[in-house]
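A look at the structure
So the chains spell out like this:
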Amino acid sequence: AASQIIVSGPILGRISKKWVVVLARRLVDAEGQFAGVVYASVTTDYFARIFPLFKAGATGSVAIRTLDSRLIYRYPEPADPGKGIGEIVPAVRAMFEEHPDGHLLVKSPLDGIERIYVFKKLDPYPLYVSIGSATAELAQDWERERQLIILMTALVALITGGATWLSYRWNQRT
């Protein structure tokens, strides 16, 4: 447990007025005795720079939460910045306890969009990350693929039919 990282927060900085997460770890000396604590404060601006790199779709979302389900950061941010930050969601907490990794179909309480979420515990850190794709977007992608398959099938049927007709006509002449 000497190397266990503790995550505290998110906490709204009194001076900076920015949300921060505190990461801390116990230090031990060569004899295994307590030698102090090392810690770092990370603002949620860090996640604001990284999360847009994930391709979750136009209405998708990416979030990071603590083990007790406290929202640390969500991209895109809700219309009301800071909404949901630090709040415990009992249903999410129960889901994390039952299934450390998994998926879920649910309507987001932050923006009302129905998404399929995939979540995973970030071992060895006491954090979860989730990525949600809007079901409406997934349905549009599926519909485009379905139409393309129908078009390709019709094209193959047309070519096959034309080749069969030409073969028939060729055999009639000989």
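Residues numbered from 1 in each chain as written. Predicted model: local features only at pLDDT ≥ 70, side-chain atom pairs only at ≥ 80, totals over all residues. Heavy atoms only, no water.

The biggest cluster of nonpolar side chains holds 10 residues, and these are Val-7, Val-21, Phe-47, Phe-51, Ala-56, Val-62, Ile-64, Ile-72, Tyr-73 and Leu-127. If you list the elements that add at least two residues to this core, you get β4 (61-66) and β5 (71-75). Discounting residues that sit within four places of it in the chain, Ile-64 has contacts with Phe-47, Phe-51, Arg-70, Leu-71, Ile-72, Tyr-73, Leu-122, Leu-127, Tyr-128 and Val-129. Val-92, Met-95, Phe-96 and Phe-119 belong to the second-largest nonpolar core, a separate cluster that totals five residues. (Core = buried A, V, L, I, M, F, W, Y, C linked by side-chain atoms within 4.5 Å. Buried < 20%, exposed > 50% of the residue type's maximum accessible area, 1.4 Å probe, protein only. Helix = DSSP H or I, 4+ residues; strand = E, 2+ residues; numbered from the N terminus. Contact = heavy atoms within 4.5 Å.)

On to helix α2 (residues 90-98). Buried within α2 we find Val-92, Met-95 and Phe-96. Angularly, the buried residues of α2 cover 100° about the axis, an arc narrow enough to put them on a single face. Residues of α2 that are exposed and point over 90 degrees away from its buried face: Pro-90, Ala-91, Glu-97 and Glu-98. Lining the buried residues of α2 we find β4, β6 (102-107), β7 (114-121) and β8 (127-134). (Arc of directions from axis to C-beta.)

Once that is clear, we can look at the side chain of Thr-66. Structurally, Thr-66 is set in strand β4. Look at Thr-66 and you get buried, because its relative accessible area is 5%. At a separation of 2.4 Å, a polar atom in the side chain of Thr-66 contacts the side chain of Asp-68. Those residues in contact with Thr-66, other than ones at most four positions away along the chain, are Val-7, Gly-9, Ile-72, Phe-96, Pro-126, Leu-127 and Tyr-128. (Polar contact = N/O pair within 3.5 Å; in protein donor to acceptor, adjacent residues only side chain to side chain.)

Here the focus is the sheet that holds β8. Each strand in a sheet pairs with its neighbour through backbone hydrogen bonds, running either in the same direction (parallel) or in the opposite one (antiparallel). With antiparallel pairing, five strands are arranged side by side in an open sheet as β5-β4-β8-β7-β6. Looking at the sheet topology across the chains shown, the edges are occupied by β5 and β6. In this sheet, adjacent strand axes meet at a mean angle of 20° when their direction is disregarded. Of the pairings in the sheet, the one linking β4 to β5 comprises four bridges and is antiparallel in character. Across the sheet, the residue bridging to Ala-63 is Arg-74, located in β5. Here helix α3 (residues 135-173) sits on the sheet and contacts β6, β7 and β8; the angle it forms with β8, its principal contact strand, is near 50°. (Pairing = 2+ DSSP bridges. Axes fitted to C-alpha atoms, helices over the stretch in contact; angles between N-to-C directions.)

This is a description of form; function is not addressed.
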